Amino acid sequence: MAPNDNARITEDDREPGAFRRKATRYALPVAVAGVAAATIGLVPALAAGGSGPELADISARQLIEKIAASDTQQLSGSVKITTDLGLPALSGLDSMAGALGDAGSGSGGDGSTADPASKLLELASGSHTLRVAADGPDKQRVSIVEDAAEYSLIRNGDEVWAYDSGSNQAYHAKAPQTDEQGKGSGAKGSKGAEELDVTPSELAAQVLKAADDTTSVTVDGTARVAGHDAYRLLIKPKQTGSTVGSVTIAVDAKTGTPLKFTLASSGGGKAIVDVGFTKVDFAKPDASTFDFTPPKGAKVTRADEAEAAHDKSAKNEGHAGGLLGELSGAGDSGEVKTIGKGWSTVYELTAPDGADAPAGKGAEAARSGAPKAEDLTGEAQGLMDALGSKVTGKFGSGTVVQTRLVNALMTDDGKVYVGAVTKDALVKAANQAN
């Protein structure tokens with residue numbers, strides 16, 4: 001290989017809308033896990049490993065163009081995803097969710113365990129094996145393989161089915177209309193299915209879309225992934241303060257299809273997220289792969305029913321007066337500002353007019369309905385203690401909730417600062433805003 005070629009991608013900063021909706025919903029410790037899961041598509045990377053195959057020289061810009069020109073429509077194989085967000089055991093998250101009034105995961109109450117939205121949190125911790133298949137934008141299948149059960153999400157034409165074999169529950173929705181490039185116009189009830197897309201190609205698209213002039217992009221040698229020769233595209237922040245150390249994308253040398261991703265932390269240690277094919281075949285999958293009929297006796301939940309259950313949960317959150325209920329509305333009717341740019345971007349979320357502060361002491365805490373220690377189980381309280389730390393500054397005082405990827409500062413006067421930045425960067429941003 002020739003020496004690494006540098007390239008700079010210049011694009012407009014990404015819009016905060018989609019991130020805002022996720023950030024405001026998951027502003028509490030239990031929900032930070034959900035943010036991180038939903039953010040898996042933004043920042044993955046590949047661990048270095050030995051010498052790779054001899055391939056023709058290519059510049060970073062040429063490799064990016066190769067990815068953009070890739071038109072892989074058909075494939076099948078296995079994907080392994082490993083996530084280490086620095087969170088305590090996820091069993092504590094369920095206890096925390098109950099104590100804070102968060103029933104929005106879809107796995108409890110009136111929700112269905114087959115609802116794709118309920119699977120996001122599961123991908124936020126540990127290792128998972130996925131079986132994937134695709135035959136164009138209208139025929140796709142992703143299955144999460146577990147020890148004693150399997151969860152499958154299938155799209156065939158305008159039909160979307162999800163099935164959880166462990167609970168014998170199914171979920172049914174109409175698929176969004178797609179154009180020739182596979183871009184959907186959106187359909188009621190299909191949002192969760194789209195968020196569950198953690199294939200290497202989707203992750204690469206999100207990372208490259210987010211890159212701008214604060215990003216260094218180089219070719220970092222070659223690798224052998226799932227039996228295929230690949231180039232390694234190394235993406236690193238030029239700025240300080242980000243929790244992201246680097247992102248590497250292994251790109252199939254022949255087709256330009258991304259094969260593997262891993263996110264390295266700026267703080268060192270093992271990768272935060274590693275997603276990649278362990279086996280892949282670019283031949284057309286059998287048509288029966290995308291067939292699905294609910295098994296006899298399965299409980300089937302329609303998308304509109306699931307959405308109604310989520311709406312009911314959201315209302316319960318608000319009625320409970322808890323922190324999550326108040327913050328859920330901040331992104332829609334409150335004010336959102338951005339501080340900084342690129343990898344160091346911090347989003348400032350202000351609660352709607354008339355909303356109480358999300359945290360506080362004495363009478364302020366009583367008005368806000370903030371959860372009390374006695375409302376939490378020992379495990380959930382331990383999770384709060386593990387993730388949260390008190391901070392003060394020019395902005396006042398608040399609590400920083402930390403993971404290895406997405407961190408949030410919740411001030412006592414009702415503002416939330418969130419981003420893939422360090423605790424010090426959050427405090428600096430809050431001070432800058434005041």
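Let me begin by describing the structure that accompanies this report.

1. Quick word on the overall build of the chain
Here is step 1 of the chain: Tallying secondary structure elements over the chain gives 12 helices and 19 strands in all.
Here is step 2 of the chain: Counting across all 434 residues of the chain, residues that qualify as buried make up 48%.
Here is step 3 of the chain: Look at the contacts in the chain between residues 6 or more apart in sequence, and 64% of them connect residues 24 or more apart.

2. Observations regarding the pattern of salt bridges
Here is step 1 of the chain: Inspection of the entire model under this criterion finds 12 salt bridges.
Here is step 2 of the chain: For the salt bridge of K174 with D158, the shortest nitrogen-to-oxygen distance reads 4.0 Å. Of this pair, K174 sits in strand β7 (residues 169-174) while D158 sits in the loop between β5 (150-156) and β6 (159-164); the two residues are 16 residues apart in sequence, bridging distant segments of the chain.
Here is step 3 of the chain: Here D158 falls in the partly exposed class, since its relative accessible area comes to 40%.
Here is step 4 of the chain: Among the ionic pairs, K260 bridges to D274, the shortest N-O distance being 2.8 Å. Of this pair, K260 sits in strand β11 (residues 258-265) while D274 sits in strand β12 (residues 273-281), placing them 14 residues apart in sequence.
Here is step 5 of the chain: By relative accessible area, which is 17% here, D274 ends up buried.
Here is step 6 of the chain: Each of D84, K270 and R404 takes part in one network of salt bridges that share partners.

3. Points about the nonpolar core
Here is step 1 of the chain: L233, I235 and I249 are the most contacted members of the largest nonpolar core, which has 59 residues in total.
Here is step 2 of the chain: The biggest single contributor to this core is strand β10 (residues 244-252), with 5 residues.
Here is step 3 of the chain: Residues F395, L409, V421 and A429 belong to the second largest nonpolar core, which totals 13 residues.

4. Comments concerning the sheet that holds strand β18 (residues 407-411)
Here is step 1 of the chain: Taking strand neighbours across the sheet as the criterion, the 6 strands line up as β14-β15-β19-β18-β17-β16 in an open arrangement whose pairing is antiparallel. Looking at strand neighbours, the two that pair on one side only are β14 (335-339) and β16 (388-393), the edges of this open sheet. For this sheet, the mean angle separating the axes of adjacent strands, direction not counted, is 25°.
Here is step 2 of the chain: Inspection of the sheet shows β18 paired to strand β19 (residues 415-419) by 4 bridges, in the antiparallel sense. In the sheet register, A408 faces β19, and the bridge partner there is V418.

5. So, the environment of Y171
Here is step 1 of the chain: In this fold, Y171 is placed in strand β7.
Here is step 2 of the chain: A relative accessible area of 3% places Y171 in the buried class.
Here is step 3 of the chain: Residues Y171 and K299 lie 128 residues apart in sequence; the distance between their C-alpha atoms is 8.4 Å.

6. Let's talk about the environment of S165
Here is step 1 of the chain: Within the element layout of this structure, S165 appears in the loop between β6 and β7.
Here is step 2 of the chain: A residue is classified by how much of its surface remains accessible, and S165, at 32% relative accessible area, is partly exposed.
Here is step 3 of the chain: In this structure, the C-alpha to C-alpha distance between S165 and A114, residues 51 residues apart in sequence, is 8.8 Å.
Here is step 4 of the chain: Here S165 is in contact with A149 and E150, once residues within four sequence places are set aside.

7. A few points about the packing of aromatic side chains
Here is step 1 of the chain: If you walk through the whole model with that rule in mind, you get 2 aromatic pairs.
Here is step 2 of the chain: Ring geometry for W161 against F292: centres 5.4 Å apart, planes inclined by 45°, an arrangement best described as tilted. Of this pair, W161 sits in strand β6 while F292 sits in the loop between β12 and β13 (299-302); the two residues are 131 residues apart in sequence, bridging distant segments of the chain.
Here is step 3 of the chain: Measuring from ring centre to ring centre gives 5.8 Å for Y163 and F292, while their planes differ by 40°; the resulting arrangement is tilted. Here the residue Y163 occupies a position in strand β6, and F292 occupies one in the loop between β12 and β13, the gap between them amounting to 129 residues.
Here is step 4 of the chain: Overall, Y163 belongs to the buried group, its relative accessible area being 13%.
Here is step 5 of the chain: Feature note: the residues W161, Y163 and F292 constitute an aromatic cluster, connected by ring pairs.

8. A few points about helix α3 (residues 60-69)
Here is step 1 of the chain: Here α3 has its buried residues at A60, L63, I64 and I67. Down the axis of α3, the buried side of the element spans an arc of 100°, and every buried residue falls inside it. The exposed set on the far side of α3, more than 90 degrees from its buried face, consists of A68 and A69.

9. A short note on the side chain of S242
Here is step 1 of the chain: Of note, S242 is situated in the loop between β9 (228-237) and β10.
Here is step 2 of the chain: The exposure class of S242 is buried, given its relative accessible area of 5%.
Here is step 3 of the chain: One polar contact links the side chain of S242 to the main-chain amide nitrogen of V244, over a distance of 3.0 Å.
Here is step 4 of the chain: The residues contacting S242, other than those within four sequence positions of it, are P237, S266, W343, A420, V421 and T422.

10. Some thoughts on the pairing of β12
Here is step 1 of the chain: Pairing geometry for strand β2 (residues 74-84) and β12, over 8 bridges, is antiparallel. Opposite K80, over in β12, you have G276 as the bridge partner.
Here is step 2 of the chain: The pairing of β11 with β12 spans 4 bridges and is classified as antiparallel. By the bridge assignment, K260 is partnered in β12 with G276.

Thresholds applied
Residues numbered from 1 in each chain as written. Predicted model: local features only at pLDDT ≥ 70, side-chain atom pairs only at ≥ 80, totals over all residues. Heavy atoms only, no water. Helix = DSSP H or I, 4+ residues; strand = E, 2+ residues; numbered from the N terminus. Buried < 20%, exposed > 50% of the residue type's maximum accessible area, 1.4 Å probe, protein only. Contact = heavy atoms within 4.5 Å. Salt bridge = Lys/Arg side-chain N within 4 Å of Asp/Glu carboxyl O. Core = buried A, V, L, I, M, F, W, Y, C linked by side-chain atoms within 4.5 Å. Pairing = 2+ DSSP bridges. Axes fitted to C-alpha atoms, helices over the stretch in contact; angles between N-to-C directions. Phe/Tyr/Trp six-rings, centres within 6.5 Å; stacked < 30°, edge-to-face > 60°. Arc of directions from axis to C-beta. Polar contact = N/O pair within 3.5 Å; in protein donor to acceptor, adjacent residues only side chain to side chain.

These values are about where atoms sit, not about what they do.
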